[in-house]
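Commentary on secondary and tertiary structure
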Amino acid sequence: MDNPAMDEPVYDPAYTPSQPPQAQNPDPAPAAHGQGDQTPADIVYLPVNMRFLKSISCALKIFELLFGLISWSCVACCLGIGANVWVFLVAFLIWLYAIANFVVFTFCLDRKLSFVHWGWEELIFNSVAAVLILSAAITESVVASDYYYYSAGSAFVASCVFLWFNTILYSAGIVFSFRKLKGRWPWEGHSTTAGAGSSWSTEQQSHPPPTTVEAPPAYPTDDVAKY
């Protein structure tokens, strides 16, 4: 015969009935997606520079990244032959720097890193990259002529072609960087009107001024847009 006292709950003098017994050690339920303790003020938004993404400079950078990826990948297939190690380092390091440059201008990070003169940075980078990739293309062409009939001959030819393409793209980037920095094309003579755009401003680059400018209020109000 079963003892009925065994079916009754045991009295615990340390128990406080402030919570139901089943809620003393509950397993924490996973928070629903987006319903945690995070508030909208804690979320970091990255602005996208749509003006840059629609520009010719952006198109040049995208092709530079694409051709650069193909060129150093082809060079990596035949490392250790001739001067391919140096060619690989040039193509790969310039490609990495081009990615960083693209991210900076796409997400308006140039406004936060205002201590860098981005007009001169872009012009100097394109100039240095064009010279280095030109020398790498010449070197790879010489090596490819010696190893054309070997098993890696197709990789040599592909790397040469895309290195020469990248040389043309970075040379075009020099022209557009000069235009963006000085406000005129390199073949145009210096004039007073062209000199007006010579002072590069990251504020103007990322967010051009509106066509109609209204006088700001004397004191800031709550209606002013917050950036």
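A brief structural summary. (Residues numbered from 1 in each chain as written. Predicted model: local features only at pLDDT ≥ 70, side-chain atom pairs only at ≥ 80, totals over all residues. Heavy atoms only, no water.)

What to know about the pattern of salt bridges
Applying the stated criterion to the full structure yields 2 salt bridges. Ionic pairing is found between Lys-61 and Glu-122, a salt bridge with its closest N-O pair at 3.3 Å. Of the two residues, Lys-61 sits in helix α2 (residues 56-76) while Glu-122 sits in helix α5 (residues 118-146), which places them 61 residues apart along the sequence. For Glu-122, a relative accessible area of 3% gives the class buried. The partner of Lys-180 in a salt bridge is Glu-122, and the shortest N-O contact between them spans 3.5 Å. Of this pair, Lys-180 sits in helix α6 (residues 153-182) while Glu-122 is found in helix α5, placing the two residues 58 residues apart along the sequence. A residue is classified by how much of its surface remains accessible, and Lys-180, at 27% relative accessible area, is partly exposed. A single network of salt bridges, built from pairs that share partners, joins Lys-61, Glu-122 and Lys-180. (Salt bridge = Lys/Arg side-chain N within 4 Å of Asp/Glu carboxyl O. Helix = DSSP H or I, 4+ residues; strand = E, 2+ residues; numbered from the N terminus. Buried < 20%, exposed > 50% of the residue type's maximum accessible area, 1.4 Å probe, protein only.)

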